[in-house]
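Fold and contact review
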There are 2 protein chains.
Amino acid sequence: MKRKAVDAVEPTPMKPVRQTALEPGSMDAVQLANGFWGDLQAQNAKVTLPHEIKWLEKSGALANFDRICEDPDNRGHVGMQFIDSDVYKVLEALAWEFGRTQDPGLQQNIDTLLERVLPVVADDGYLNTAFGHPGRPARYSDMEWGHELYCAGHLIQAGVARLRTGFDSQDPLVALSLRVADHVCAAFGEGNRIGGHPEIEVALVELYRATGSGRYLDQAKAFVDRRGYGTLADIEFGRSYFQDDVPVRKADVLRGHAVRALYLAAGAIDVAVEEGDSELFSAVERQYQRALDRRTYITGGMGSHHQDEAFGDDFELPPDRAYCETCAGIASVMVAWRLLLATGDLRYGDVIERTLYNIVATSVSQAGDQFFYANPLQQRALNRTMPPDVSSPRASSELRASWFYVPCCPPNYSRTLAQLASYVTSHTADSIQLIQYMAGTIEEELSAAGTVKLRVETNYPYDSAVKIFVEQAPTDKSWKLDLRIPQWCKGATLSINSKVELAPDGVASIHGLRTGQYVVLDLPVEPRFVYPDPRIDAVRGCVAVEKGPLVMCAESVDQPGGTDVGLIEVDVSRGIDDTSGAVQVYGRKLDMDARPDEWAYSGSPFVPEARQSMVKLSPYCCWGNRGPVTMRVWLPTSSTRTSGGKTR
Amino acid sequence: MKRKAVDAVEPTPMKPVRQTALEPGSMDAVQLANGFWGDLQAQNAKVTLPHEIKWLEKSGALANFDRICEDPDNRGHVGMQFIDSDVYKVLEALAWEFGRTQDPGLQQNIDTLLERVLPVVADDGYLNTAFGHPGRPARYSDMEWGHELYCAGHLIQAGVARLRTGFDSQDPLVALSLRVADHVCAAFGEGNRIGGHPEIEVALVELYRATGSGRYLDQAKAFVDRRGYGTLADIEFGRSYFQDDVPVRKADVLRGHAVRALYLAAGAIDVAVEEGDSELFSAVERQYQRALDRRTYITGGMGSHHQDEAFGDDFELPPDRAYCETCAGIASVMVAWRLLLATGDLRYGDVIERTLYNIVATSVSQAGDQFFYANPLQQRALNRTMPPDVSSPRASSELRASWFYVPCCPPNYSRTLAQLASYVTSHTADSIQLIQYMAGTIEEELSAAGTVKLRVETNYPYDSAVKIFVEQAPTDKSWKLDLRIPQWCKGATLSINSKVELAPDGVASIHGLRTGQYVVLDLPVEPRFVYPDPRIDAVRGCVAVEKGPLVMCAESVDQPGGTDVGLIEVDVSRGIDDTSGAVQVYGRKLDMDARPDEWAYSGSPFVPEARQSMVKLSPYCCWGNRGPVTMRVWLPTSSTRTSGGKTR
């Protein structure tokens, strides 16, 4: 499928100041084939999206729209005040998925959902079921928690998905999103009001890019500039919760509610790139970089607190109470992607890869119809199984659930999977960057070099070899293929025309490949120990194991006798055994039964009896698919305990 | 002051089945003198209680009562729906304090507060400002969160304080509490309803004890028996949040909201003791014991979660996000005290001592007018100072605050301090147990032995000597003085008539002391290292230092150059130096500046440069009194890091 030209809806000229190092691949540049991600994407279309549509109905989210029209008193709005947004995220996912596959069933789903939504939009473009109707609070009467702008943002992103997959303003979803966006611009053009949950910012810039209409960019910029001056109330968690404590261009680090902080960062970067605002850009890049260095889990997960779903202090990264909301992982991918394009620094691709495998892919069940909301790195007590027909009120301490009272994560997963191909490549006038190693085909029109067609064959990350076949290359122009070499990877090699050489760090650039040639990139995925910064108190004396981009974990179900993994420790000096197909470390099972139940603090270290036992590890992204378990990513080392004992 | 005889309000006979090993000292048996606790108690009366009365007015808690009478539409109820309870807790504190000192100003305070409260009570004894009035939700329409029974419980406890300090049903506060209790019995005698927040149970048993009226005991028993059958809604945190998941006599461990769990435990023990219900008693003792062994901080603090103010899983005890609500510490003292009396096991006195020093005394500022709500064991970033006129919406991440949106802790502290003397001794027909070593005088009438008068002189816990002068002892009867020997104490000695001997473990019993004799108990308070159970992941490779019953901590303000205590580690092998008057350990300051800001996880352990530096420690109960600091109780040991590095 080729993109149709987009009719600019309002002929405001694009601002000429846009500054970015790389351009994103077009939506149809990459088609995924069978493999880790291609399979998940296919499952998303076949299982996950229908599951979500079912739950939009079952949970009453869709009935909220019907009720506005059918019941003048509007009794019984169901769910959170921002539940409309989940309908819009499913619409967005359907739009990307239809763009990808042209499956008419998906178009029918879009039509059916829109039939319910469209009658609710007011004449002036206001659209919300929870506010502004008889029996409901007034429009914009609760800027802290009402989330009307957040909902509008998600609706607009659904419209953007249509615009970017070949539709124009004749499409009902595009038309609706434009009406909503115009209403937002009209209602919030003047004044200093902002919404409690950022999202509208990134949506408006995306709409600007898709339409060329500068008012959307101006409005996004206004929302970014207004934030940080204490316009919102000083709530229980402080104004840092919604980043209204410090102006965006003054802050040093991401803080407060992680999803809010990351959506805001994505929107602010977009504004900075389009406006050529290097001060704003540097500020947000600095904030994200510091959050990456000091407030991010080994999984790429962000947000340490359950209470306020927030980043904690620097190095406050408890594994058991890690929140690591799935949506925060998705938002971090959004931010890293924007920074990659703007700076041309492919190391942001490492962050994306880590987060995609260890948060996004982790969140969904093997069957595709249950989800983690939080992604902790340790499960202490056997978690509960959630029946398939139950919507979970909780964000943690149970296995994946079919749905949630706040069901933000499942449709966020789906819209990400449906547009996943857009994260695979970027390009310039004469180069393509291959950023994620997913099996599939790539076709890009380079403005200064012509058409490039590539085919990627790989079983990565389970296998180290990535084969890139050049199916079409410019014959008379110089062009370049950039390959991201992950920072975790030692000894990566590159084979071109059977000549093997060591790949450089960071990025390997190959010039002038011709049609019919192929490249084999070998990224050794041997398991390796990883050590935490000593300031991360919560995992002192522990190691983790990674294998390629996959963080590994120990699940009780894999240990001899189903041993609780709270009672193991590993001997790092003996290395890692992966000769048997499974990844195993040399460990000991502590016999804590020998310790009587007593006060847990004593004048001498307790040195438990222990017996040797291999500890089997499996990818964290697969955990919790075999019933209740205990699980841990960070493995205590035996040296810690023993030397602790000997120091007296 | 001697107790007046209490007129039994309803002449229902006491049930004869009461089973308890020890009887509590009467309220006026112990008078504290100057010293750690006597000074705090005096400050409580002089500073803290007036401060709280001021804030009851300033926060609008008292105006809520006025409004019921003055505004028929009752517009503008202020604060949480259970804010009445804080007025009642202050009333209770005033009642105990008046009982102790007979200060007429305190009686005037009681009268003034009661003038505001009394007009609100309904004809049938219902008393609440948030429910059951025009413009407010109906009575008992929200059993999960309405907390009407919780408020009634606190009002009843204020009445009990009056009954136990010499008043009878002629006293307006006693009369009010009886009306409220009778209403509760009438409204909840039948059916299966329970309140979301236990408290009524313990209050009703105390009222039964003070009046002899069995209906109060029956009602308390009914509330205990009804809990655990899922009568309350399945809220976000699950029914374990309010202990409605498992019947009280079936549960294995305290769980859910810590204050709720502990108030319930206190009430259930009271019911079990009065009913001679050994099954119920054993169940609650087992639950508390397991919570002590597996879910309690070294400070005695309970409750690991901020989100739901709940116990976590076994050994889930993060120091930085420790919640350890002050009220949970107080409630734990209540439970341990009841278990001590019922079982005669003075080791529960160790728990009380630990919790009093390290939670209760910690919660209040040196000046007596600001409070910690949460009591974390680590402060990572400099905490915020709270202005004195600001009510804090938050429970953490700042220094002590003058008041809180949910102001449960300050008045709970005050009622505990005002009745503190009641935790000092217990007795039998012919023995006295000296449980807490506080300077003061003791006078108890032993039914089988006669009057005993003791005077305790000590600067404990800053000094190890506790001198006990026998000012009056039975001349013709055998009697016994039991002295608690804390489990933390090694080498305690006892000197009677200048003969020094090693004290036995647990309890030292001295028989037949005569008038004029004295005993010197020496409890060496040398600082010592304490090691955590290896299952407490969050403090692996760390030690703490205790000195007597005091947990010590490192504050940045005490370190050379104000070093952030996140960057220190200690060498346990070199011991502890307290020769200079200060407690110091041999440490190193890590130079993390040498590490560039980068991804926090790497293939080899980062071994920072470090320079030798003594680490000065001070009592945790005094922390946060000198402006913003970083602080830690658990100190990483250098052996951990180094050997972690060498194991590769």
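Residues numbered from 1 in each chain as written. Chains lettered and ligands numbered in written order. Predicted model: local features only at pLDDT ≥ 70, side-chain atom pairs only at ≥ 80, totals over all residues. Heavy atoms only, no water.

A few words on the interface of chain B and chain A. Each partner contributes to the interface: chain B provides 64 residues, whereas chain A provides 64 residues. Of the roughly 5,600 Å² buried at the junction of chain B and chain A (both faces included), carbon and sulfur atoms supply 52%. At the boundary of chain B with chain A, the tally comes to 8 salt bridges. D597 of chain B is the partner of R294 of chain A in a salt bridge, and the nearest nitrogen-oxygen pair spans 3.2 Å. If you look at where chain B meets chain A, you find 20 residue pairs in polar contact (both at pLDDT 80 or more). The set of elements that each furnish at least two residues to the side of chain B that touches chain A consists of helix 10 (278–294), strand 16 (527–532), strand 22 (601–602) and helix 14 (638–646) of chain B. For the side of chain B that touches chain A, a count of residues per class yields 27 nonpolar, 16 polar and 21 charged. With 2 bridges joining them, strand 16 (residues 527–532) of chain A and strand 22 of chain B adopt antiparallel strand pairing. Bridge pairing links P532 of chain A to Y601 of chain B in strand 22 of chain B. (Contact = heavy atoms within 4.5 Å. Buried area = accessible area lost by both parts, 1.4 Å probe. Salt bridge = Lys/Arg side-chain N within 4 Å of Asp/Glu carboxyl O. Polar contact = N/O pair within 3.5 Å; in protein donor to acceptor, adjacent residues only side chain to side chain. Helix = DSSP H or I, 4+ residues; strand = E, 2+ residues; numbered from the N terminus. Nonpolar A, V, L, I, M, F, W, Y, C, P; charged D, E, K, R; others polar. Pairing = 2+ DSSP bridges.)

Next up on the list: the packing of aromatic side chains. Overall, the coordinates contain 53 aromatic pairs over all chains when judged by the stated rule. Geometrically, the ring pair formed by W145 of chain B and Y241 of chain B is tilted, given 5.4 Å between the ring centres and 45° between the ring planes. Of this pair, W145 of chain B sits in the loop between helix 4 (104–117) and helix 5 (148–163) while Y241 of chain B sits in the loop between helix 8 (214–226) and helix 9 (258–275), and the two are 96 residues apart along the sequence. Owing to a relative accessible area of 30%, W145 of chain B belongs among the partly exposed residues under this scheme. In this structure Y241 of chain B comes out as buried when scored by relative accessible area, which is 6%. Above the plane of the ring of W55 of chain A lies K58 of chain A, whose end atom (NZ or CZ) is 5.0 Å from the centre. (Phe/Tyr/Trp six-rings, centres within 6.5 Å; stacked < 30°, edge-to-face > 60°. Buried < 20%, exposed > 50% of the residue type's maximum accessible area, 1.4 Å probe, protein only. Lys NZ or Arg CZ within 6 Å of the ring centre and 35° of its normal.)

All right, on to the state of the cysteines then. Residues and elements named next belong to chain A. Scanning the entire structure with this criterion turns up 0 disulfides over all chains. Residue C151 stays outside any disulfide, its sulfur separated by 12 Å from that of C408, the closest cysteine. C185 takes part in no disulfide bond, and the closest cysteine sulfur to it belongs to C151, at a distance of 17 Å. For C185, a relative accessible area of 7% puts it in the buried group. (Disulfide = S-S within 2.5 Å.)

Attention now moves to unusual backbone geometry. Cis peptide bonds are those with omega within 30 degrees of zero, and the linkage from Y460 of chain A to P461 of chain A qualifies with 10°. Among the secondary structure elements, P461 of chain A is positioned in the loop between strand 9 (450–458) and strand 10 (465–472). The phi torsion at H147 of chain B lies on the positive side, around 65°, for a residue other than glycine. In this fold, H147 of chain B is placed in the loop between helix 4 and helix 5. Residue classification places H147 of chain B among the buried residues on the basis of a relative accessible area of 7%.

Residues in a regular strand project their side chains so that they alternate between the two faces of the sheet. Residues and elements named next belong to chain B. Here 2 bridges tie strand 18 (residues 550–555) to strand 23 (residues 609–619), and the two strands are oriented antiparallel to one another. Along strand 23, the bridge assignment pairs M552 with P619. In the sheet, strand 21 (residues 583–591) pairs with strand 23 via 9 bridges, with the strands oriented antiparallel. Considered in strand 23, the bridge of R588 is made with Q612.

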